Amino acid sequence: MAAAQKHVLRVYVERDTALKLTLLERPKSVEELKEIIQERFKPRLDGDFSLHYEDPDFDGDLCLLVDIQELPEKGTLRVVRPESDTFSTASSDTDILPHVPAIQRQKSWPDEFVVPSFGYEMDHILEEGNRVYEESGKLLKLKRSQKSEILKKMAETIYSFKAYAHDKELAMTAQALIRAHPCLRMTAGEDGALGWKRHMGYKLASYRNNLAKAGVAEVAINTGRRSRNNPNNDHPHQNIKKARKAEVNYITNLPKDQTPASLEKMREQIMHEVEKTERNYLVIGKLMDTTYALRRQEIVGAVVAPRVRDVVDRWPALLMESQMVAEFHRINNVNLRTQFYKELDRHTPRLITLFRDKAIKTGKIAEELAKLMRIYDIREQHDVNTRRALVLRALPVYLREDASTLFRTCDSADGPDLTDTPVALLTVVTDDTTDSALFSPESICIVVEDEILVNGPTNLADSFLLLFGYIYALDLQYPKKLELTFTFIQKVVMCLEDNKPLKGRLLTLKNDLFNE
């Protein structure tokens, strides 16, 4: 029997971003290969795409991969998205997703950090150092300028993913450096990367300081802190404005060819276009793309966070479902709908099993879950929307959070009391439809900062998705009473990893979910 054919591929998921893919055997079809690539490199790939390979018969020119037998054992693949990929596949034809401008960050923190090249001369020195280390175990002694050169390049690469890296991420980069160049170990023991981690932290801080002086908005926003000359300013380490929910483009500089005045005119044009009976969604989308930096500087960069009502009054297009989805894409480079439903549906069977197992036990949590399961079971129709609604309603209960603060109800005859409601989904019910409204409500309103922001879809999952999107678009913090629920959606469903450690209950759920 012939041995399985191994494939080592370099996959370009973006124009300048290549990732390594190793396959122990040839996939059965091109579609199976695409599914493998999507799974390995999530959430970088969403929506439809085709694969092109470098055909040696045509001097390495790209050819569409149609027959899986054409897949090279070692070669390069390119992901090519159709133009229609700018449209959400799960929404109306007006749900436009933007192309991220080149000046913005286009990559989230990688699963595996790839050490950059340090230039021909430095790479040659390291190659020789690695050879000597393998032969004799002798470590490479760097000059001060050489060490500074390596640290600067590493800081630039780290910053290309995020401005404020956590200790865990710095440790990852230091370990990657030692794996790529073992001659750079600072000690012969297991902690050979510890010194590099510490030095990278200092160098990254210095690099941020230089960028802030150059006017880079993402880090300049945190300058002007307390110092000897300004003793009354904020403490240097308090209220730092940085991405806290794994945002890729948290705040950006204005486009080079635009000024605040020109962008303000565009904002006024957006307001005028939104007021029209027949809106030009393409024009609105392009203007919202161009004015993204101005909008984020108003929302994130203000000394005092603006009220949500004031933000949407200035930017009414954010109340359009299509533009809210597009705004999420601008911030994270992830298709909100595609990613949310793909992962939610993938985990739904296992989650329902966990909920049922918990429901048969004793205690208040078990009783609440049992009630939800009874209402779900007596329904005649168990379609995908009902299953999604069950998971979203049961999730906070399972995590021992107060689900009533997220899923609010009110009688159609009475106005709701929304006092102390940071975010919620408000369902209007009557006395005889309370139970049935859990999974198929007649109407849902999205509540933010104690007032109704917009009427959401009657589909509970769609409304939850929009609420989650608004949290990012308006730079809101997760409610403390629902922090575990929203963190689960962020990390497990949306795959937006911030590398912060999970709290006990959430870590247990994640382990139960992935260790079937």
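Before reading on, note that the structure itself is shown above.
In this report, we go over the structure that sits alongside the text. Just so it is clear, the model here is predicted, and its values are computed rather than measured.

Definitions and limits used
- Residues numbered from 1 in each chain as written.
- Predicted model: local features only at pLDDT ≥ 70, side-chain atom pairs only at ≥ 80, totals over all residues.
- Heavy atoms only, no water.
- Phe/Tyr/Trp six-rings, centres within 6.5 Å; stacked < 30°, edge-to-face > 60°.
- Helix = DSSP H or I, 4+ residues; strand = E, 2+ residues; numbered from the N terminus.
- Buried < 20%, exposed > 50% of the residue type's maximum accessible area, 1.4 Å probe, protein only.
- Pairing = 2+ DSSP bridges.
- Salt bridge = Lys/Arg side-chain N within 4 Å of Asp/Glu carboxyl O.
- Lys, Arg positive; Asp, Glu negative; His and termini not counted.
- Polar contact = N/O pair within 3.5 Å; in protein donor to acceptor, adjacent residues only side chain to side chain.
- Contact = heavy atoms within 4.5 Å.
- Axes fitted to C-alpha atoms, helices over the stretch in contact; angles between N-to-C directions.
- Parallel < 35°, antiparallel > 145°, perpendicular 65-115°, else oblique.
- Left-handed = near helix turned anticlockwise from the far one by under 90°.
- Nonpolar A, V, L, I, M, F, W, Y, C, P; charged D, E, K, R; others polar.

## Things to note about the packing of aromatic side chains
Under the definition given, this model contains 13 aromatic pairs. With centroids separated by 6.2 Å and ring planes inclined at 50°, the aromatic side chains of Phe 328 and Phe 468 adopt a geometry described as tilted. Here Phe 328 is found in helix α11 (residues 321–332), whereas its partner Phe 468 is found in helix α15 (residues 460–473), with 140 residues between them in sequence. On the basis of an interplanar angle of 70° and a centroid distance of 5.1 Å, the ring pair of Phe 328 and Tyr 472 is categorised as edge-to-face. Residue Phe 328 is located in helix α11, and its partner Tyr 472 is located in helix α15; the two are separated by 144 residues in the primary sequence. On the basis of relative accessible area, Phe 328 is assigned to the buried category, the value being 0%. The class of Tyr 472 is buried, set by a relative accessible area of 0%. Each member of the aromatic cluster is reached from another via a ring pair, and the members are Phe 328, Phe 340, Tyr 341, Phe 464, Phe 468, Tyr 472, Tyr 478 and Phe 486.

## Some words on the pairing of strand β1 (residues 7–14)
Bridging between β1 and strand β2 (residues 17–23) involves seven bridges; their strand directions are antiparallel. Residue pairing for β2: Arg 10 is matched across the bridge by Lys 20. Pairing analysis gives five bridges linking β1 to strand β5 (residues 74–80), with the strands arranged parallel. Considered in β5, the bridge of Val 11 is made with Leu 77.

## Describing the pattern of salt bridges
In this structure the tally under the stated criterion is 23 salt bridges. With a shortest N-O distance of 3.1 Å, Glu 273 and Lys 276 are connected by a salt bridge. According to the relative accessible area criterion, Glu 273 is buried, its value standing at 8%. Overall, the relative accessible area of 35% leaves Lys 276 in the partly exposed class. The salt bridge involving Arg 307 is made with Asp 310; its shortest N-O contact spans 3.2 Å.

## Things to note about unusual backbone geometry
Positioned with a positive phi, Ala 246 is a non-glycine residue whose angle comes to about 65°. Tracing the backbone shows Ala 246 in the loop between α6 (217–220) and α7 (260–275). For Asn 333, which is not a glycine, the phi torsion comes out positive at approximately 60°. Secondary-structure assignment places Asn 333 in the loop between α11 and α12 (336–359).

## So, the side chain of Arg 208
By the secondary structure assignment, Arg 208 is in helix α5 (residues 194–213). Glu 218 provides the closest opposite charge to the buried, salt-bridge-free Arg 208, at an N-O distance of 9.2 Å. Within the structure, Arg 208 has its side chain in polar contact with the backbone oxygen of Ala 163 (distance 3.0 Å). Contacts of Arg 208, omitting those with residues within four sequence positions, involve Ala 163, Tyr 164 and Val 219.

## A few points about the packing of α12 against helix α14 (residues 384–398)
Look at α12 against α14: their axes get within 9 Å of each other, and the N-to-C directions meet at 60°. In terms of orientation, α12 lies oblique with respect to α14. As for how α12 packs across α14, the hand of that crossing is left-handed. Counted together, Phe 340, Tyr 341, Leu 344, Asp 345, Thr 348, Leu 351, Ile 352, Leu 354, Phe 355 and Lys 358 of α12 and Val 384, Arg 387, Arg 388, Leu 390, Val 391, Leu 392, Ala 394, Leu 395 and Tyr 398 of α14 form the full contact between these two elements. Partitioning the contact of α12 with α14 into residue classes produces 14 nonpolar, one polar and four charged.

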